[in-house]
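Letter by letter, the chains look like this.
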Amino acid sequence: MAQEARCVWQARALLGEGPLWSPRQDAVYFVDIRGSRILRHGLSDASQGVWELDDAACWLVESADGDGFIAGLRSRRVVRLRLEPGQTAVIVAEIARIESDRPGNRLNDGKADVQGRLWVGSMDDSEEAPAGSFYRIDSDGAVTRVDGGYTVANGPALSPDGRTIYHTDSAARTVYAFDIGADGSLSGKRVHIRFGEDDGYPDGMTCDAEGGLWIAHWDGARVSRFHPDGRLDRVLALPVSRVTSCVFAGPDLDRLFITTAAHGREEEPLAGSLFECDPGVRGLPPCGFGSPRS
Ligand code: BGC
Ligand code: CA
C-alpha cells in the first residue's frame, strides 16, 4: 500500500517537472521549467546538484549510449546535453527542431520508449489555444507529428509491453491511450481516463511493472494509481496542491519520487519540493534515447 509522501528536497522549483532516474548515477534528475534549472538528487548520499540554463529544459532523458542527456528546450529544440558536477551545462549537439513557425509554443513533457524513440508534446505557453501537438522523434532525429489539438500536452507514459502510449491534454482533463505500431505509428486513439473538476488536472504520469498508471494531479494535491483498465486503484495525498509528475527509482525500482510546482502557490511552504514515497509496487526500468533498451 502506498505510504505517506515525505519531502526529500525543499527545492522550491517554480515548475518542477520531468523526473528521471539515472541507474548509472543512482540519482533522480528533474527540471524546473519556469526556473530554468536542472536539479539532481543523489539517492545513496542525498547529494544535490543544480545547473542554471539560459534556455529552459522542459524534459530530460538519458542517452542510451551513456553519453549524457537529451533535453527538450523551451525554444522547441531537442539537444544533447552534458551535465558535469560543478560545471555549466553544455549543449553538444542539436538533434531536432520542432515548430519553428510557432514561437508562442514551448515543449512540455517528453519520454523515451523501449525502442529508443522519443515522444514529446508541445503546448501554447499561455495555456489558452489548442496549438500543441504530439511528436515522435526517431533515433536519427526525424520528427513525425502523431497527434494535434492539445492545449497542455502532458505526461507521455508507456505500458510495460511498450505497445500502448498514454498522453494527456491537461486542459481538457483527459488522458488518452493509443496503440503503437511496429513502425512507431499511432492508432486507436481513445479516452482512457477523464478527471472531474474536484480532481484537478492530470499532469505527468508513469506506468509500473503491473501496468498501473500513476498520474500526478495538478491543483489536486495527490498522485493516483489507476488499474490498466482505467479504474482508480489508490490515492497518495501530498501536502502541496500543484503535483506535476512522478518516477520510479532505485536499484529495485521500488521508490517513487514526485515533483511539484511553487508557481502560483507561494503560500504553501513545501510547494516546489521533491517528495518520495514507498509505492508498494515496482516501476519499469527507464529508457534512453538512441537505441533499444537491452
Ligand atoms: C505545464 C504547466 C501547466 C500544468 C498543468 C504542466 O505540465 O508545464 O504549464 O500549468 O502542466 O496543466
Ligand atoms: Ca507535465
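See above for the structure.
Quick look at the structure, then. The numbers attached to residues start from 1 for each chain and follow its sequence in the written order. Think of it this way: whatever chain is written first is A, whatever ligand is written first is 1, and the rest follow in order. Confidence filtering applies because this is a predicted model: local features only for residues at pLDDT of at least 70, side-chain atom pairs given and counted only at 80 or more, and all residues used for totals across whole chains, interfaces and linings. Heavy atoms throughout the structure, all of them, feed into the side-chain values; hydrogens and water do not.

1. Details of the nonpolar core
Residues grouped as a nonpolar core are buried Ala, Val, Leu, Ile, Met, Phe, Trp, Tyr and Cys residues, joined through side-chain atoms within 4.5 Å. For the exposure calls, accessible area comes from a 1.4 Å probe over protein chains only, and a residue counts as buried if that area is under 20% of its type's maximum, exposed if over 50%, partly exposed in between. Tyr29, Ile38, Trp59, Leu60, Val78, Leu83 and Leu118 are the most contacted members of the largest nonpolar core, which totals 36 residues. Labels follow the DSSP assignment, with helices taken as runs of H or I lasting at least four residues and strands as runs of E lasting at least two, numbered in each case from the N terminus. Elements with a contribution of two residues or more to this core: β3 (27-32), β6 (57-62), β7 (69-73), β8 (77-82), β9 (90-97), β10 (105-112), β11 (118-124) and β12 (132-137). Counting residues per element, this core draws most heavily on β6, which supplies five residues. By definition in these notes, contact holds between two residues if any of their heavy atoms fall within 4.5 Å. Sequence-distant contacts of tyrosine 29, defined by excluding residues within four places in its chain, comprise Gly18, Pro19, Leu20, Ser22, Ile38, Leu39, Arg40, Trp51, Leu60, Phe69 and Leu83. Residues Ala5, Trp9, Ala11 and Trp214 belong to the second largest nonpolar core, which totals 30 residues.

2. What about the environment of glycine 272?
Position of glycine 272 relative to the elements: it lies in the loop between β23 (255-260) and β24 (274-277). With relative accessibility at 0%, the residue glycine 272 sits in the buried group. As a C-alpha pair, glycine 272 and aspartate 233 span 39 residues in sequence and 26 Å in three-dimensional space. If we skip the residues at most four places from it in the chain, glycine 272 touches Ala11, Arg12, Ala13, Thr260, Ala261 and Ala262.

3. Examining the packing of aromatic side chains
Paired rings are identified among Phe, Tyr and Trp, the last through its six-membered ring, by centres lying within 6.5 Å, and are further divided according to the angle between planes into stacked (under 30 degrees), edge-to-face (over 60) and tilted (the rest). Applying the stated rule across the entire model yields nine aromatic pairs. With centroids separated by 4.7 Å and ring planes inclined at 55°, the aromatic side chains of tyrosine 29 and phenylalanine 69 adopt a geometry described as tilted. Of this pair, tyrosine 29 sits in strand β3 while phenylalanine 69 sits in strand β7, and the two are 40 residues apart along the sequence. Exposure class is identical for tyrosine 29 and phenylalanine 69. Each is buried. Both rings, one in phenylalanine 134 and one in phenylalanine 178, keep their centres 6.2 Å apart while their planes meet at 45°; by these two values the pair is tilted. Of this pair, phenylalanine 134 sits in strand β12 while phenylalanine 178 sits in strand β16 (residues 174-180), placing them 44 residues apart in sequence. For phenylalanine 134, a relative accessible area of 0% gives the class buried. Aromatic ring contacts, followed pair by pair, group Trp119, Phe134, Tyr150, Tyr176 and Phe178 into a single cluster.

4. Side note on the sheet that holds strand β5 (residues 48-52)
Sheet architecture is open: four strands sit in the order β2-β3-β4-β5, paired in antiparallel fashion. Among the strands making up the open sheet, the edge pair consists of β2 (16-22) and β5. Taking the axes of each pair of neighbouring strands and ignoring which way they run, one obtains an average angle of 20° across the sheet. In short, DSSP must find at least two bridges between two strands for them to pair. In this sheet, β5 lies alongside strand β4 (residues 37-42) in antiparallel orientation, the contact comprising five bridges. When the bridges of β5 are listed, isoleucine 38 appears paired with tryptophan 51. Whenever a helix is involved, its axis is fitted only over the stretch in contact; in every case the axis is a line through C-alpha atoms, and angles between N-to-C directions fall within 0 to 180 degrees.

5. Focus on the coordination of the calcium ion (ligand 2)
Any N, O or S atom lying within 2.8 Å of the metal counts as a donor, and for Na, K and Ca the limit rises to 3.2 Å; water is left out, so some sites can look incomplete. Note on the calcium ion (ligand 2): its protein donors are Glu17 (OE), Glu17 (OE), Asp109 (OD), Asn154 (OD1) and Asp203 (OD). The metal-donor distances range over 2.2 to 3.0 Å. Note that the calcium ion (ligand 2) binds six donor atoms; their angles at the metal cover 49 to 163°, and the shape is irregular. Classification of glutamate 17 as buried rests on a relative accessible area of 2%. Each label reflects the angles at the metal, where four donors whose angles all fall between 85 and 135 degrees are tetrahedral, four or six donors whose opposite pairs open beyond 155 degrees and whose other angles stay between 65 and 115 are square planar or octahedral respectively, and the rest are irregular.

6. A word on the sheet that holds strand β20 (residues 222-226)
Ordered by their spatial adjacency, four strands build an open sheet running β18-β19-β20-β21, and the pairing between neighbours is antiparallel. Strands with a single pairing partner mark the edges of an open sheet, and in this sheet they are β18 (201-207) and β21 (232-237). Each strand of the sheet is rotated relative to its neighbour by a mean of 25°, with strand direction disregarded. Looking at chain direction, strand β19 (residues 213-218) and β20 are connected through five bridges and run antiparallel. Across the sheet, leucine 213 pairs through a bridge with phenylalanine 226, a residue of β20.

7. Comments concerning the pattern of salt bridges
Salt bridge, as applied in this entry: a Lys or Arg side-chain nitrogen positioned within 4 Å of an Asp or Glu carboxyl oxygen. This model, assessed by the stated rule, comprises 25 salt bridges. The salt bridge involving aspartate 138 is made with arginine 136; its shortest N-O contact spans 2.8 Å. With its nearest N and O atoms 2.7 Å apart, the salt bridge here joins aspartate 219 to arginine 242. Within this pair, whereas aspartate 219 is found in the loop between β19 and β20, its partner arginine 242 is found in the loop between β21 and β22 (243-249), the two being separated by 23 residues in sequence. Accessibility expressed as a relative area gives 28% for aspartate 219, which makes it partly exposed.

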